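# Secondary and tertiary structure notes
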Amino acid sequence: MANQNTLQSRLHDELTISGARLMQAVEDVTDADIVVRNGLIAAIRPHTGISGSGNILDARRLLAAPGLVNGHQHSHELFFRGRSEGLTLEEWMTSVRPARPLPLTPEDVVVRTQVVAAEALRSGTTTLCDDVGIDHVARPDLLDAVAEGYRSAGIRAFVGPSLFDVPFARAVPFAEQELPRSCLEVPPRPSVDSQVAAFRTFAAGLRERGGLVQAIGTPSAPQRCSPALLDAVRLLADEFGLPVMTHVLETRVQAVGAQRDYGQTMIGYLNQRGFLKPGTSLIHGVWLTRADMELIAASGATVQHNPWSNLKLGSGLARLRAMLDAGVNVSLGSDGCGSIETVSLMPTMAAAALLSGLRGGTDHGVSACEVFHAATTGGAKALGLETQVGKIAVGHRADIVLYRLDRAPFVPLNDAVRQLVYGMPAAGVDTVIVDGRVVIREGRLLTLDEEDLYRRMVEIQTRLLSDIEEAERQATLLRAGMASIRCRCARIGLAELDRVSSGFLP
Ligand SMILES: [Zn+2]
């Protein structure tokens, strides 16, 4: 039988995952043989014993679940993980996007991206979206290195450079009054035309090459983009059929800023510009009104919910129950590995389910099943991939994670979905298959030499340390001013949002 000991990380014409316990039964089948052909799930049939020839992966004692979709993260924050706490978003964020970019080589970026990809795969993620802070106009080679990093790791990835033409420090209310002149007078950003042209070249190159790594439009946030830049990205995404993600209403400061800048909510402004569409993700959405939620639902856009990161940066509690009840498609994201130390989606899933229960009244809890749905099919829908990933179903791409059933948290097995969402079984990931290719088997990552990878990562961090420290020192120059801005914004009422207390527990 079975070449089960000779499975290599390559695409098999046909692979049978034999005897897996399905996380969710398919037509009453619970223990199944999943036949994968050319990367697609070709058949799911009841398991009757291991037999036959060809590539057979013995999955008895393993739980088969769809791979997780991490709808939002930032690989460039890797250098900064563990270097801060107790700071709000506005106080912290400029350190991870320094005005003077870190002196990176393409090899540095490949290694950094591979470290992110390895952690994602090891925690059951098979698709991830990276809004990466790179000056892609001056350094397209670094953006290509991000794509190469994901490609070599074997993960499905959507990559976009952070596009913005308003400097970060100028994109907050009261900047002129509260922030030091030296922080406001920074070199101008590249023009809209040059940013969009460079992104077009990147997206076209990926499309031509095909494969698992593709582009995503990533205008950083409405307040950091001129209307011309937002419109240009929208047009390009429509032309190429790309998904789009942009940061929206992560903090109360941003909600106040939107009222001042647009005379309406940020969602109202985006809707007015024709920006909201299926395949468009609004990252965070912590400070959404009911009317905002209804607009988003009607448009078919998605909210990327990042509760684990929102907790670390004190941004507030997004109203997940209310969003789901309004019919909003919700996907989950870890957010940056500097803001929250990890790209694993598992703590995000647990937080999404647990935090929603803190609210009373109509904002009551969200089930593990709803959260798992957001982490899989919700994420797929956000990317326009709902007929391809996020489910173990015939005709879908074979993005499958096999968890050990003889380890915690699955012993004893009562409810696989709840045990996965609340139990966070990253250590129990046995096998990961992406697009039919086995990339992790028996806990071993087959696509990368991890020991060598982590050794090189440490070397790079050591070499860059003084530049990283300088970026952090520059960021501290903004800290007192940002804290004043936060206090000023706290005194400006936000009507409904103050009543529902997005920023505080009831
Ligand atoms: Zn983000």
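Now for a look at the structure at hand.

Cut-offs and rules
- Residues numbered from 1 in each chain as written.
- Predicted model: local features only at pLDDT ≥ 70, side-chain atom pairs only at ≥ 80, totals over all residues.
- Heavy atoms only, no water.
- Buried < 20%, exposed > 50% of the residue type's maximum accessible area, 1.4 Å probe, protein only.
- Helix = DSSP H or I, 4+ residues; strand = E, 2+ residues; numbered from the N terminus.
- Donors = N, O, S within 2.8 Å, 3.2 Å for Na, K, Ca; no water.
- Pairing = 2+ DSSP bridges.
- Axes fitted to C-alpha atoms, helices over the stretch in contact; angles between N-to-C directions.

So, about helix α8 (residues 252–262). Buried within α8 we find R252, V253, Q254, A255, V256, G257 and A258. Once α8 finishes, G263 follows within two positions and takes phi at roughly 70 degrees, a positive value.

With respect to the helices, strands and loops of the structure, E469 is situated in helix α16 (residues 450–490). The exposure class assigned to E469 is partly exposed, which follows from its relative accessible area of 41%. Taking the C-alpha atoms as reference points, E469 and D261, separated by 208 residues in sequence, lie 34 Å from one another.

Our focus in this paragraph is the coordination of the zinc ion. Surrounding the zinc ion are the protein donor atoms H72 (NE2), H74 (NE2), H247 (NE2) and D335 (OD), at 2.0 to 2.6 Å. Motif for the zinc ion, donor spacing along one chain: H-x1-H-x172-H-x87-D. With H247 in strand β10 (residues 244–248) and D335 in the loop between β13 (329–332) and α13 (346–356), this pair connects stretches of sequence that are 88 residues apart. Each member of the pair H247 and D335 is classed as buried.

The next subject is the sheet that holds strand β12 (residues 302–305). On the basis of which strands lie adjacent, the open sheet formed by 4 strands has the order β10-β11-β12-β13 and parallel pairing. Only two strands of the sheet have a single partner each, and these edge strands are β10 and β13. Strand-to-strand, the axes of this sheet are offset by a mean angle of 30 degrees, without reference to chain direction.

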